[in-house]
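Coordinate inspection notes
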Amino acid sequence: MSTWNSRGLRGSTLEEMINMTNENYRSKGLALIQKIPTPITPVKIDAATRHITLAYFEKQSTVDYIGTVQGIPVCFDAKECASATFPMMNIHQHQIEFMKDFEKQGGISFILLYYSKLDETYYVPFAEIKRFYERSLQGGRKSFTKDELKQDYQIYSAPGFLVHYLKGIQKDLESRDEN
């Protein structure tokens, strides 16, 4: 059983930016994406502030977000990284399995990865995640570098969209059509 603490707040800046973007996508009729809350069981609550100070995760979460973009089912996770190398241990096997199953059902799975020191965000298609994951299982690198990512999948902001990932989805769809 995992416990909740401040480490669970990693990525909250990225998630706030995604949440604002998702609200704007919804209000403009472009997409309907929801943040999936991770179910927790509180153990300790600070009586003065009524804040949870210790909790256990009830079950393993799948991904951070799920929804639809113009009728296309999408699911994705938001990840944040301080260095230019992202450890594969930050993507859990049950998340890989969920994204794989989601894709089998005709959906699109991906990760939005924010390199905080570089202030750069990338759309990482599931095909790339799967390639890095399988490489790690076969005794290869247990991480991937920013340089291994397709540079044209870098995400930029646009007016009203702090993390404008719809362009990444479009590139992903186009590359699937080509293959």
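First, a word on what this report is: a plain description of the structure on this page. (Residues numbered from 1 in each chain as written. Predicted model: local features only at pLDDT ≥ 70, side-chain atom pairs only at ≥ 80, totals over all residues. Heavy atoms only, no water.)

**Here's the deal with the packing of helix 2 (residues 93-104) against helix 3 (residues 126-137)**
Rule in force here: Angles here are taken between N-to-C directions and fall from 0 to 180 degrees, while the axes themselves are lines fitted to C-alpha atoms, restricted in helices to the stretch in contact. A helix here means a DSSP run of H or I that spans at least four residues, while a strand means a run of E at least two residues long, and both kinds are numbered starting from the N terminus. Angular relationships are summarised with four words: roughly parallel below 35 degrees, roughly antiparallel beyond 145, roughly perpendicular across 65 to 115, and oblique for the angles in between. Handedness of a crossing is defined here by the sense of rotation of the near helix relative to the far one, left-handed for an anticlockwise turn of less than a right angle and right-handed for a clockwise turn. Here, two residues are considered to be in contact whenever any of their heavy atoms come within 4.5 Å of each other.
The geometry of helix 2 relative to helix 3 is characterised by a closest axis approach of 11 Å and an angle of 140 degrees between their N-to-C directions. As judged from the angle between their axes, helix 2 and helix 3 are oblique. The chirality of how helix 2 crosses helix 3 is left-handed. Counted together, Gln-93, Ile-96, Met-99, Lys-100 and Glu-103 of helix 2 and Phe-126, Ile-129 and Tyr-133 of helix 3 form the full contact between these two elements.

**Some words on helix 3**
For clarity, the threshold we go by: A helix is expected to span 1.5 Å for every residue after the first. The cut-offs for exposure are 20% and 50% of the maximum accessible area for each residue type, with area from a 1.4 Å probe on protein chains only; residues under the lower value are buried, those over the upper are exposed, and the others partly exposed. Note that the arc is defined by the directions from the helix axis to the C-beta atoms.
Along its 12 residues, helix 3 runs 16 Å from first to last C-alpha, staying within 8% of the 16 Å computed at 1.5 Å per residue. Those residues of helix 3 that sit buried are Phe-126, Glu-128, Ile-129, Phe-132, Tyr-133 and Ser-136. End-on, the buried residues of helix 3 take up no more than an arc of 160 degrees, which puts them together on one face. Where the residues of helix 3 are buried, they touch helix 2, strand 8 (108-115), strand 9 (120-125) and strand 10 (143-145).

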